[in-house]
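# Coordinate inspection notes
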Amino acid sequence: MIRWLINQIKVILRLKKDKTQAELMHLKSQVNPHFFFNTLNNLYGLVEKDTAKAQQLILKLSDMMRYSIYEGQNDWVTLADEITYLENYMDLHKMRYHKEITVRFDVDVEDRRVKIMPLLLIIMVENAFKHGVEKLRKDAFVYIHLKATSQNIDFEIENNFDIEEQVGTQGIGLNNLKKRLELVYLNKHELEITSKRADIYTIRLRLTL
């Protein structure tokens with residue numbers, strides 16, 4: 001009877017783990033599809049105007065797609081790889097706009113080999129561009145700060161937005177972020193969303209490694 005009970009517990013734990021992994025895979029698959037398609041359309045028009053720049057950006061896009069398809073399916077990646085992914089994303093995004101935008105990415109990391117769940121930070125960056133930069137006609141900015149030690153990761157984004165375009169409910173991206181944090185960083189994360197001004201949005205994530 002005891003042996004049967006132990007086996008049943010093992011089966012339940014295995015099913016729970018499988019369900020968690022399946023849910024994580026589903027959440028990861030929701031990242032970036034529209035961005036890739038939009039960027040390809042922009043690159044198509046750039047090829048004739050500036051071939052050298054188009055080639056450089058195509059390499060960045062190719063690296064991002066490879067990372068999303070392969071490394072993005074892993075349980076963990078290095079923080080160095082996530083940083084490169086964010087940098088490529090911002091470079092490609094800046095190429096898309098025919099307006100002046102200010103993007104700043106400050107990085108203070110003791111060891112870039114520390115591990116993090118892949119495609120996590122990008123959700124907050126995407127949110128800042130989608131609801132901030134894309135909606136503003138001028139003076140758009142995104143300030144990103146990443147600080148990390150071997151024990152903690154502190155990631156903060158501040159961006160302005162058009163109050164008239166602001167939607168009251170949270171989008172799919174942030175709900176996706178919260179679900180992934182609950183699955184992988186349960187009791188090891190803090191997520192804060194605040195506004196310094198009516199037109200400035202700030203989101204901060206702290207992870208305990």
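Residues numbered from 1 in each chain as written. Predicted model: local features only at pLDDT ≥ 70, side-chain atom pairs only at ≥ 80, totals over all residues. Heavy atoms only, no water.

## Focus on a nonpolar patch on the surface
On the surface, Met65, Ile69 and Tyr70 cluster together to form a nonpolar patch covering roughly 320 Å² of accessible area. The topology assignment puts Met65 in helix H3 (residues 51-69). Among the residues examined, Met65 registers a relative accessible area of 31% and is labelled partly exposed. (Patch = residues over 30% accessible without salt bridge, like charges linked within 9 Å, V, L, I, M, F, W, Y side chains within 5 Å. Areas by Shrake-Rupley, 256 points an atom, 1.4 Å probe, with all protein chains shown as cover. Salt bridge = Lys/Arg side-chain N within 4 Å of Asp/Glu carboxyl O. Helix = DSSP H or I, 4+ residues; strand = E, 2+ residues; numbered from the N terminus. Buried < 20%, exposed > 50% of the residue type's maximum accessible area, 1.4 Å probe, protein only.)

## What about the nonpolar core?
Ranked by size, the top nonpolar core spans 53 residues in total, and within it Leu79, Val125, Phe129, Phe155 and Ile157 carry the most contacts. If sequence neighbours within four positions are ignored, Phe129 has contacts with Tyr89, Met90, His93, Tyr97, Ile101, Val103, Glu134 and Val142. (Core = buried A, V, L, I, M, F, W, Y, C linked by side-chain atoms within 4.5 Å. Contact = heavy atoms within 4.5 Å.)

## What about the packing of aromatic side chains?
Applying the stated criterion to the full structure yields four aromatic pairs. Aromatic pair Trp76 and Tyr185: ring centres 6.0 Å apart, planes at 80°, arrangement edge-to-face. Placement of Trp76 in the loop between H3 and strand E1 (77-78) and of Tyr185 in the loop between helix H6 (172-184) and strand E6 (189-197) is noted, with a sequence separation of 109 residues between them. For Tyr185, a relative accessible area of 3% corresponds to the buried category. Considering the side-chain rings of Tyr89 and Phe129, the 5.8 Å spacing of their centres and the 80° angle between planes classify their relative orientation as edge-to-face. With Tyr89 in helix H4 (residues 79-96) and Phe129 in helix H5 (residues 121-133), this residue pair connects regions lying 40 residues apart in the sequence. (Phe/Tyr/Trp six-rings, centres within 6.5 Å; stacked < 30°, edge-to-face > 60°.)

## Things to note about the pairing of strand E7 (residues 200-208)
Bridge count for strand E5 (residues 152-160) against E7 is nine bridges, and the pairing is antiparallel. Within E7, the position partnered with Glu156 by the bridge is Arg204. Hairpin connection between E6 and E7: a loop of two residues separates the two successive antiparallel strands. (Pairing = 2+ DSSP bridges.)

## Topic: the environment of Ile157
Among the secondary structure elements, Ile157 is positioned in strand E5. Setting aside residues no more than four positions away along its own chain, Ile157 makes contact with Met124, Val125, Ala128, Val142, Tyr143, Ile144, Tyr201, Thr202 and Ile203.

## A look at the side chain of Asn127
For Asn127, the location among the structural elements is in helix H5. Those residues in contact with Asn127 that lie beyond four places of it in its chain are Gly132, Leu174 and Tyr201.

## Looking at H5
Taking 1.5 Å of rise per residue, the 13 residues of H5 would be expected to cover 18 Å, and the 18 Å separating its terminal C-alpha atoms lies within 8% of that figure. Here H5 has its buried residues at Leu121, Ile122, Ile123, Met124, Val125, Glu126, Asn127, Ala128, Phe129, Gly132 and Val133. (Expected span 1.5 Å × (residues − 1).)

## A word on H3
Between its terminal C-alpha atoms H3 stretches 27 Å, which fits the 27 Å expected from 19 residues at 1.5 Å a residue. Along H3, the positions that sit buried rather than exposed are Ala54, Leu57, Lys60, Leu61, Met64, Tyr67 and Ser68. Buried positions in H3, seen along its axis, are confined to an arc of 150° and lie on one side of it. Those residues of H3 that are exposed and aimed more than 90 degrees away from the buried face are Ala52 and Leu59. (Arc of directions from axis to C-beta.)

## Thoughts on the packing of H4 against H5
The contact between H4 and H5 brings their axes to 10 Å, and the two run at 15°. In terms of orientation, H4 and H5 fall into the roughly parallel class. The handedness of the crossing between H4 and H5 comes out as right-handed. Contacts between H4 and H5 involve Leu79, Glu82, Tyr85, Leu86, Tyr89, Met90 and His93 from the former and Leu121, Ile122, Val125, Glu126 and Phe129 from the latter. Of the residues in the contact of H4 with H5, the class split is nine nonpolar, one polar and two charged. (Axes fitted to C-alpha atoms, helices over the stretch in contact; angles between N-to-C directions. Parallel < 35°, antiparallel > 145°, perpendicular 65-115°, else oblique. Left-handed = near helix turned anticlockwise from the far one by under 90°. Nonpolar A, V, L, I, M, F, W, Y, C, P; charged D, E, K, R; others polar.)

## Focus: the sheet that holds E6
In space, the five strands of this open sheet follow the order E2-E4-E5-E7-E6, with mixed pairing throughout. Here the strands that pair on one side only, and so sit at the sheet edges, are strand E2 (101-109) and E6. Averaged over all pairs of adjacent strands, the angle between their axes in this sheet comes to 10°, without regard to strand direction. Contacting E2, strand E4 (140-148) and E5, H4 runs over the sheet at an angle of about 170° to E2.

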